[in-house]
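Residue strings, one per chain:
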Amino acid sequence: MNKKICITGASKGIGLAEANLFAPTNELFLHATSLNSFKNKSYPNAHYFGYDFTQLENIDAFVKDIQQQTNSLDVLVNNAGLMFIEKFADFPDKDLHTLITLNLHAQLLVTKKLIPLLLKSKDPQIVFMSSMSAKNRIVGESVYAAVKAGIMQFAHVLRNELAGKIRVSTIYSWGVNTWNDTENAAILKPEDIAETLDFIISRERPMLVESIELGHENHWNGATAPWSPK
Ligand SMILES: NC(=O)c1ccc[n+]([C@@H]2O[C@H](COP(=O)([O-])OP(=O)(O)OC[C@H]3O[C@@H](n4cnc5c(N)ncnc54)[C@H](OP(=O)(O)O)[C@@H]3O)[C@@H](O)[C@H]2O)c1
């Protein structure tokens, strides 16, 4: 492919699987909370950035660092995010703030501030990592669902605003095994998401994968997930 790809939250889980898949043939701009998160990683053509995005002022420094390494970007993958699960009445205020800041506010700011670099590419793309939680009603996921639905709607409008300039796509996934799955939930592998991203960013213009929903044929499909609080 040979693209310049920026992936936020690329040190583990889904972002790491994406970095592993794209590293051999692309130039990568990989972000995590800290450079320590990348110790023992040495991709052939990668730049590493360590910034905690819950401190929103770090985003300017992150973008400045990227600008020092490149004058264009082909793909931005907005992946960095966390999930906290609790019934809303018991949801800690601190976690509420972190989820909204990291999973929503930071993704919007990163996107806004990297649009100028993306516009320097001949074929720029932005991909958001939303979740099927945005579309479901799972007990314990009220705040997570709210921020993922926020990303869904934001991406829909951004896609129209940037039409003809930057292609905007969103991935909605059911559970992906980025933790030690002990509940034997029907969940996908991080590599499944990486391959989906590969499909999206290797489509040629004018085709646009607007949204893609990923499930598991045996998934639970009700109001509670195996990890919902009882
Ligand atoms: N796993 C699922 O079931 C699933 C399903 C659908 C959607 N998603 C979404 O997919 C994305 C990745 O999920 P994942 O399961 O792969 O997560 P993960 O394994 O927990 O990895 C999270 C990544 O985000 C980074 N990160 C965490 N806190 C951060 C902060 N304060 N500032 C900047 N970066 C931070 C982490 O960096 P450090 O290593 O430095 O902490 C790490 O690289 C998230 O947006 C998630 O909501 C996940």
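See the structure shown above.
Now for a quick tour of the structure. (Residues numbered from 1 in each chain as written. Predicted model: local features only at pLDDT ≥ 70, side-chain atom pairs only at ≥ 80, totals over all residues.)

### Focus: the sheet that holds strand β5 (residues 125-129)
Reasoning step 1: Here we have seven strands laid out as an open sheet, ordered β3-β2-β1-β4-β5-β6-β7, and parallel in their pairing. For this open sheet the edge positions go to β3 (46-50) and β7 (211-214), each flanked by a neighbour on one side alone. Across the sheet, the mean angle separating the axes of adjacent strands is 15° when strand polarity is ignored.
Reasoning step 2: In this sheet, β5 lies alongside strand β4 (residues 75-78) in parallel orientation, the contact comprising four bridges. By the bridge assignment for β5, Val75 is matched with Gln125. (Pairing = 2+ DSSP bridges. Helix = DSSP H or I, 4+ residues; strand = E, 2+ residues; numbered from the N terminus. Axes fitted to C-alpha atoms, helices over the stretch in contact; angles between N-to-C directions.)

### Details of the site of the ligand
Reasoning step 1: Of all residues adjacent to the ligand, which total 26 residues, the nearest are Gly9, Gly13, Ser37, Gly81 and Thr178.
Reasoning step 2: When residues of the shell around the ligand are assigned to their parent elements, the largest contribution, three residues, is made by helix α1 (residues 13-22).
Reasoning step 3: Residues that form the shell around the ligand fall into these classes: ten nonpolar, 14 polar and two charged. (Near = placed C-beta within 6 Å. Nonpolar A, V, L, I, M, F, W, Y, C, P; charged D, E, K, R; others polar.)

### Here's the deal with helix α3 (residues 93-118)
Reasoning step 1: Taking 1.5 Å per residue, 26 residues should reach 38 Å; α3 reaches 35 Å between its end C-alpha atoms and fits that length.
Reasoning step 2: Looking at α3, one finds that the buried residues are Leu99, Leu102, Asn103, Ala106, Gln107, Val110, Thr111, Leu114, Leu117 and Leu118.
Reasoning step 3: Each element contacted by the buried residues of α3 is listed here: β1 (4-7), α2 (58-69), β4, β5 and α4 (142-161). (Expected span 1.5 Å × (residues − 1). Buried ≥ 20, exposed ≤ 12 C-beta atoms within 10 Å, placed from the backbone. Contact = placed C-beta atoms within 7 Å.)

### Considerations on α2
Reasoning step 1: The end-to-end C-alpha distance of α2, which contains twelve residues, comes to 17 Å, matching closely the 16 Å that a straight helix rising 1.5 Å per residue would cover.
Reasoning step 2: Three or more residues of α2 are buried, namely Ile59, Phe62 and Ile66. Down the axis of α2, the smallest arc covering the buried residues is 60°, so these residues share one side. Seen from the open side of α2, the exposed residues pointing more than 90 degrees away from its buried face are Asp60, Ala61, Lys64 and Gln68.
Reasoning step 3: Contact partners of the buried residues in α2: β1, β2 (27-32), β3 and α3. (Arc of directions from axis to C-beta.)

### Topic: the environment of Ser37
Reasoning step 1: With respect to the helices and strands, Ser37 occurs in the loop between β2 and β3.
Reasoning step 2: Sequence-wise, Ser37 and Met132 are 95 residues apart; in three dimensions their C-alpha atoms are separated by 27 Å.
Reasoning step 3: Non-local contacts of Ser37, meaning those with residues more than four positions away in its chain, are made with Ser11, Ala32 and Gly50.

### What about the nonpolar core?
The tendency in soluble globular proteins is for nonpolar side chains to be buried side by side.
Reasoning step 1: Core analysis: the largest hydrophobic core is formed by 55 residues, its most contacted members being Cys6, Leu30 and Val127.
Reasoning step 2: No other element matches the seven residues that α3 contributes to this core.
Reasoning step 3: Ignoring any residue separated from it by four or fewer positions in sequence, one finds Leu30 in contact with Ile7, Ala10, Ala19, Phe38, Ala46, Tyr48 and Phe49. (Core = buried A, V, L, I, M, F, W, Y, C linked by C-beta atoms within 7 Å.)

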